[in-house]
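Structural description and commentary
What follows is each chain in one-letter form.
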Amino acid sequence: MPAKSKAQQKAAGAALSAKRGETKKSELKGASKGMVESMTEKELEDMAATKRKGKPEHVSKK
């Protein structure tokens, strides 16, 4: 599942780093805290690998 915004892609990258043990889970903030617990490593890889070009910084809520 590709990221819909740059912010979502960055959060997935941070969560993936914590999931792999490269950073501490206690250092996570915001959406990445929930992502690390609720998503698999494969899902996080797919989201973090999304290209940022052409993506909005944030997706507006509707």
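This section reports on the structure supplied with the text. Predicted, not measured: the structure shown is a model, and the values here were computed from it.

Right, let's talk about the overall build of the chain for a bit. Counting its secondary structure elements, the chain contains three helices and zero strands. When the helices and strands of the chain are listed from N to C terminus, the series reads α-α-α. At 11 Å, the chain has a C-alpha radius of gyration in line with the 11 Å of a compact globule built from 62 residues. Over its C-alpha atoms, taken along the principal directions, the chain stretches across nearly 30 × 20 × 15 Å. Of all 62 residues assigned to the chain, the portion counted as buried reaches 29%. Counting only contacts in the chain whose residues sit at least 6 apart along the sequence, the fraction spanning at least 24 positions is 60%. Per element, the accessible surface of the chain, about 4,500 Å² overall, is 53% carbon and sulfur. Averaging the locations of the 16 positively and 8 negatively charged side chains of the chain gives two centres separated by 8 Å.

Looking now at the packing of helix 1 (residues 6-19) against helix 2 (residues 31-38). Interaxial distance between helix 1 and helix 2 falls to 8 Å at its minimum, and their mutual angle equals 55°. With respect to their mutual orientation, helix 1 and helix 2 come out oblique. As for how helix 1 packs across helix 2, the hand of that crossing is right-handed. Counted together, Gln-8, Ala-11, Ala-12, Ala-14, Ala-15, Ala-18 and Lys-19 of helix 1 and Ala-31, Ser-32, Met-35 and Val-36 of helix 2 form the full contact between these two elements.

The next thing to look at is helix 3 (residues 41-48). Among all positions of helix 3, only Leu-44, Met-47 and Ala-48 are buried. Burial along helix 3 is one-sided: seen end-on, the buried residues are contained in an arc of 95°. Looking at the buried positions of helix 3, the neighbouring elements they touch are helix 1 and helix 2.

Where helix 1 meets helix 3, the axes come as close as 8 Å, and the angle between the chain directions of the two elements is 145°. In the crossing of helix 1 with helix 3, the sense of the turn from one axis to the other is left-handed. In contact with Gln-8, Gln-9, Ala-12, Gly-13, Ala-15, Leu-16 and Lys-19 of helix 1, helix 3 contributes Glu-41, Leu-44, Glu-45, Met-47 and Ala-48. Here the contact of helix 1 with helix 3 is built from residues that sort into six nonpolar, three polar and three charged.

Calculation criteria
- Residues numbered from 1 in each chain as written.
- Predicted model: local features only at pLDDT ≥ 70, side-chain atom pairs only at ≥ 80, totals over all residues.
- Heavy atoms only, no water.
- Helix = DSSP H or I, 4+ residues; strand = E, 2+ residues; numbered from the N terminus.
- Rg over C-alpha atoms; globule rule 2.2 N^0.38 Å.
- Buried < 20%, exposed > 50% of the residue type's maximum accessible area, 1.4 Å probe, protein only.
- Contact = heavy atoms within 4.5 Å.
- Areas by Shrake-Rupley, 256 points an atom, 1.4 Å probe, with all protein chains shown as cover.
- Lys, Arg positive; Asp, Glu negative; His and termini not counted.
- Charge placed at Lys NZ, Arg CZ, Asp CG, Glu CD.
- Axes fitted to C-alpha atoms, helices over the stretch in contact; angles between N-to-C directions.
- Parallel < 35°, antiparallel > 145°, perpendicular 65-115°, else oblique.
- Left-handed = near helix turned anticlockwise from the far one by under 90°.
- Arc of directions from axis to C-beta.
- Nonpolar A, V, L, I, M, F, W, Y, C, P; charged D, E, K, R; others polar.

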